[in-house]
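Here's the letter readout for the chains.
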Amino acid sequence: NYDSGIPESGIVDYLAAAARNNIRANAIWMDFLEYFEAIDKISPLSGKRWVMGHLDRATEDQIQSMSDLGLAMTSHTNRYIYKHGHIVRDQIGKTRENEIAPLKSVVEAGIPIALATDNVPTTLWYPIWQAITRYNMFIDGQIAPDQALSRQQALNCATRNGAYLSGEEDFKGTLEPHKLADLIILDKDPLTCPENEIKDITAEMTIVGGKIVYDSGSISKDQS
């Protein structure tokens, strides 16, 4: 298997050893789901937060299986929606396009999925914008628009779910008492600004540990 690092014949044994020793496994190809399913029968994966990454394509049955296994997920919308989605749709047909980066179905199945860039553009605002708009850079239209997330859902995936993915949800991911007060002040409100401006949002100020570590100078001291 591509990038597995070991022969296919040894994958089940390798993953079973990881499960027994509470070592979390991460995969980036949906082909690995069958191996995760096999390991779950040997050593239940519930609570282990194994990760299925990239979310290129997934059927309803695969999404249900990932939910049943208690997997967490990452996305790669820069590729599978923005740069490559039109190619996949041509390959599988428009009637199956809801299998392409099916973010809404994954979220509705209760699977915690975090947004990620993986590649250029590096700003996370592009994946947030892609998850909301489903726009593709090569066509006039959207890729699987029924799989679009709301703005709040996309922000949750970019913040709260990222903290869950790294096991840090008790002190990161949301602004709540007793959590880290790391925050940014943005130049636009992602919940209300024009849709196509979301991808261009930047930070006017960044605060880490209660200290200002970046200041664009555009916010007056009275405002801040």
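Before any of the text, the structure's been laid out above.
Residues numbered from 1 in each chain as written. Predicted model: local features only at pLDDT ≥ 70, side-chain atom pairs only at ≥ 80, totals over all residues. Heavy atoms only, no water.

Novice: What is the right way to look at the overall build of the protein in this model?
Specialist: In terms of helices and strands, the protein carries nine helices and seven strands. With the C-alpha coordinates of the protein rotated into their principal frame, the extents come out at 65 × 45 × 30 Å. Considering only residue pairs separated by 6 or more positions, the protein has 61% of its internal contacts joining residues 24 or more positions apart. For the protein, the exposed surface amounts to about 12,000 Å²; the carbon and sulfur share of it is 49%. The average position of the 21 basic charges and that of the 31 acidic charges among the side chains of the protein differ by 2 Å. (Helix = DSSP H or I, 4+ residues; strand = E, 2+ residues; numbered from the N terminus. Contact = heavy atoms within 4.5 Å. Areas by Shrake-Rupley, 256 points an atom, 1.4 Å probe, with all protein chains shown as cover. Lys, Arg positive; Asp, Glu negative; His and termini not counted. Charge placed at Lys NZ, Arg CZ, Asp CG, Glu CD.)

Novice: In this structure, what is going on with the pattern of salt bridges? I would like to understand it.
Specialist: Proximity of charged atoms lets side chains of opposite charge pair with each other. Tallying each qualifying case throughout the model produces nine salt bridges. The partner of Lys179 in a salt bridge is Glu176, and the shortest N-O contact between them spans 3.0 Å. You can call Lys179 buried: its relative accessible area is 19%. Asp187 is paired through a salt bridge with Lys188; the nearest N and O atoms lie 3.3 Å apart. Here Asp187 falls in the partly exposed class, since its relative accessible area comes to 30%. The exposure class of Lys188 is partly exposed, given its relative accessible area of 24%. (Salt bridge = Lys/Arg side-chain N within 4 Å of Asp/Glu carboxyl O. Buried < 20%, exposed > 50% of the residue type's maximum accessible area, 1.4 Å probe, protein only.)

Novice: How should the sheet that holds strand 3 (residues 72-74) be read in this particular structure?
Specialist: To summarise the sheet geometry, strands pair through backbone hydrogen bonds and adopt either a parallel or an antiparallel arrangement. One open sheet accounts for four strands, arranged 1-2-3-4; its pairing is parallel. Looking at the sheet topology across the chains shown, the edges are occupied by strand 1 (26-27) and strand 4 (113-114). Of the strand pairs in this sheet, strand 3 and strand 4 are connected by two bridges, and their pairing is parallel. Within strand 4, the residue paired with Thr74 across the bridge is Ala114. (Pairing = 2+ DSSP bridges.)

Novice: Is there a simple way to think about the environment of Leu115 in this case?
Specialist: Relative to the helices and strands, Leu115 resides in the loop between strand 4 and helix 7 (125-133). Considering only alpha carbons, one finds Leu115 and Asn78, 37 residues apart in sequence, at a separation of 10.0 Å. Filtering out sequence-adjacent residues up to four positions away, Leu115 remains in contact with Ser75, Leu124, Pro127, Ile128, Ala131, Ala154, Cys157 and Ala158.

Novice: Looking at this structure, I do not really get the packing of aromatic side chains. What am I missing?
Specialist: The way to describe two aromatic rings as a pair is by their centre distance and the angle between their planes. Applying the stated criterion to the full structure yields six aromatic pairs. Here the aromatic cluster, defined as three or more aromatic residues joined through ring pairs, consists of Tyr82, Tyr126, Trp129 and Tyr135. Here Arg49 stacks its cationic end above the ring of Tyr164, 3.7 Å away from the centre of that ring. Cation over ring: Lys199 sits above Trp129, and NZ or CZ is 5.1 Å from the ring centre. (Phe/Tyr/Trp six-rings, centres within 6.5 Å; stacked < 30°, edge-to-face > 60°. Lys NZ or Arg CZ within 6 Å of the ring centre and 35° of its normal.)

Novice: What's the story with a nonpolar patch on the surface in this structure? I'm lost.
Specialist: A contiguous nonpolar patch, built from Leu175, Leu183 and Ile185 and spanning about 250 Å² of accessible area, is present on the exposed surface. Among the structural elements, Ile185 can be located in strand 5 (residues 183-186). Residue class for Ile185 comes out partly exposed when judged on its relative accessible area of 31%. (Patch = residues over 30% accessible without salt bridge, like charges linked within 9 Å, V, L, I, M, F, W, Y side chains within 5 Å.)

Novice: Even after reading the chapter, I still don't get helix 7, so can you show me in this structure?
Specialist: Note on helix geometry: an α-helix contains 3.6 residues per turn, so any two residues three or four positions apart are oriented the same way. Of all the nine residues making up helix 7, nine are buried; the element is thus mostly covered by neighbouring parts of the structure. Listing the buried residues of helix 7 in full gives Trp125, Tyr126, Pro127, Ile128, Trp129, Gln130, Ala131, Ile132 and Thr133.

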